[in-house]
Amino acid sequence: MERARSGQPSVTYRRGWCPSHLSVVLVFIFVLVLLQQHHEPQECRLQEDLQRQVGVYMGRRDFVDRVDSVDPVDGVIVIEREALQGRKVFVTLSCTFRYGRDDMDVMGVAFRRELYLSTRQVYPPLQDREQAVHTRMQAKLLRKLGDDAYPFFFEFPDNLPCSVAMQPAQHDVGKQCAVEFEVKAFSAESQDAKIHKRSSVKLMIRKVQYAPEAQEDAAVEISRDFSVSDKPLHVTARLDKEIFYHGETMRLHLNVVNNSTRNVKNMVISVDQVATVVLYSNDSYVKCVAIEEGETVSAGATLQKDILLLPLLANNRERRGIALDGKLKHEDTNLASSSIIKPGVLKEVLGIMVSYRVSVKLIIGGMMSSSEVSLELPFKLMHPKPDTGEDHASSS
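Residues numbered from 1 in each chain as written. Predicted model: local features only at pLDDT ≥ 70, side-chain atom pairs only at ≥ 80, totals over all residues. Heavy atoms only, no water.

1. Comments concerning the overall build of the protein chain
Summing up its helical and strand segments, the protein chain has two helices and 23 strands in all. The buried share among the 396 residues of the protein chain stands at 49%. Sequence-distant contacts, at least 24 apart, represent 70% of the contacts inside the protein chain between residues at least 6 apart. In the form shown here, the protein chain has an accessible surface area of approximately 20,000 Å², with 47% of it arising from carbon and sulfur atoms. (Helix = DSSP H or I, 4+ residues; strand = E, 2+ residues; numbered from the N terminus. Buried < 20%, exposed > 50% of the residue type's maximum accessible area, 1.4 Å probe, protein only. Contact = heavy atoms within 4.5 Å. Areas by Shrake-Rupley, 256 points an atom, 1.4 Å probe, with all protein chains shown as cover.)

The structure is reproduced here in structure tokens:
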């Protein structure tokens, strides 16, 4: 487990409160969601407790990992000085791997692991307010919100995974298996003091990854000989590219040359998602997220056909165990993006690894029983890389 070297000791999360702390700071969060194309506020999200004494403004909840760089987590806190009553205000960024509910514990092993935790003291500020501004979004908010606004800023380490969550069944309760990121604001006498639930608030964010620009086609072929046939069955499958975007239709070029004396009774072409929990169990979950079938090829015949495949979460919402791109509350999501392992990073740190493949299975008829010929074609499913916005660029 890594911890940030921010010059501040790390905070241990503890819950609970007592009546003497009813007047502590209760935090509410305003989230200003920017339109991806126009970079203007789309909506204002408010999360509040009983008293409005501290507000946290953020420009977005999705932060992009571009492999060679990661968007920083930036925002602004607005305080009510009199309501703080001498207490300090802190903000934390954490990454947690969860493998079941918080109360699950088997043979002393908790199914929750904190992969990363970093803490910043926001108020009283440890440096001049202007020197703490890192982005144009922060500068704009500070001008608008006045002297009681203070910026905060985090940078992701290179070895952290992206947000992933396993889709639970309808009857499942509690937290699902997931890699989650969280921004938490709280007030306390010091960052080592007990954090009371009524004086803190949490905001889930996502770390997502966009597709690299390099694109290559992907192809695989196989030949199969049969004992009663002089000539083989030859199958070639090819995709136009190795990387596809969420919501994009895939075109599989399939070529079957059946020079054998056997008939191909059926073909099943599927898109499989493989999610491997690498941190604890190394369990793998293979789920079909798109499928086409029904083609036949007689002995001595040839088939050339393009098969269209569309892997979508919309067609798999009722299926338990499918990996998603970390769902935020009240917001939709999509199938999990393919995991990309950066050089020098251990795969175990990723928590959950996700990959995709096209599987082609041919059912071959025989005199006594049927047999199968199968091949697999790996590919990546990711988000397209958007234009870089100005609001989160450096203010210098």
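Now that the structure is up, let's keep going.
2. Details of the sheet that holds strand β17 (residues 250-258)
What the four strands build is an open sheet, ordered β14-β15-β17-β20; its pairing is antiparallel. Strand pairing shows two members of the sheet lacking a second neighbour, β14 (218-224) and β20 (302-309), which therefore form its edges. Strand after strand, the sheet turns through a mean of 15° between neighbouring axes, direction not considered. Sheet topology places β14 next to strand β15 (residues 233-239); seven bridges connect them, and they run antiparallel. The partner of A218 across the bridge, within β15, is L239. (Pairing = 2+ DSSP bridges. Axes fitted to C-alpha atoms, helices over the stretch in contact; angles between N-to-C directions.)

3. Considerations on the pattern of salt bridges
When the charged atoms of two side chains with opposite charge come close together, those side chains can pair. Tallied over the entire structure, the rule returns 13 salt bridges. Ionic pairing is found between D65 and K342, a salt bridge with its closest N-O pair at 3.2 Å. Note that D65 is positioned in strand β4 (residues 62-65) and K342 in the loop between β21 (323-324) and β22 (352-364), a separation of 277 residues in sequence. K342 carries the same exposure label as D65, and that label is buried. Where salt bridges share partners, they join R60, R66 and D71 into one cluster. (Salt bridge = Lys/Arg side-chain N within 4 Å of Asp/Glu carboxyl O.)

4. What to know about the nonpolar core
The biggest cluster of nonpolar side chains holds 76 residues, and the ones touching the most others in it are I205, V358 and L362. Ranked by the residues each element gives to this core, the list is headed by β22, at seven residues. Not counting the four nearest positions on each side in its chain, V358 is found in contact with L239, M250, L252, I269, S270, V271, L309, L375, E376, L377 and F379. Membership of the second largest hydrophobic core comes to nine residues, among which are Y57, V76, M137 and L141. (Core = buried A, V, L, I, M, F, W, Y, C linked by side-chain atoms within 4.5 Å.)

5. Examining the environment of H383
With respect to the helices and strands, the residue H383 is situated in the segment after β23 (371-382). When the C-alpha atoms of H383 and P212 are compared, they prove to be 9.6 Å apart, with 171 residues separating the residues in sequence. Ignoring any residue separated from it by four or fewer positions in sequence, one finds H383 in contact with Q209, Y210, A211, Y245, H246, D325, N334 and S337. At 2.8 Å, the side chain of H383 and the side chain of D325 are in polar contact. (Polar contact = N/O pair within 3.5 Å; in protein donor to acceptor, adjacent residues only side chain to side chain.)

6. Structural notes on the packing of aromatic side chains
If you walk through the whole model with that rule in mind, you get seven aromatic pairs. Ring geometry for Y123 and Y150: centres 5.4 Å apart, planes at 55°, overall tilted. Placement of the pair is Y123 in strand β9 (residues 112-123) and Y150 in strand β10 (residues 149-154), with a sequence separation of 27 residues. A relative accessible area of 8% means that Y150 is categorised as buried. Grouping aromatic residues by their ring pairs yields a cluster made of F63, F156 and F181. Against the face of Y245 rests K241, its NZ or CZ located 5.3 Å from the ring centre. (Phe/Tyr/Trp six-rings, centres within 6.5 Å; stacked < 30°, edge-to-face > 60°. Lys NZ or Arg CZ within 6 Å of the ring centre and 35° of its normal.)

Remember, this is a structural readout, not a statement about activity or role.
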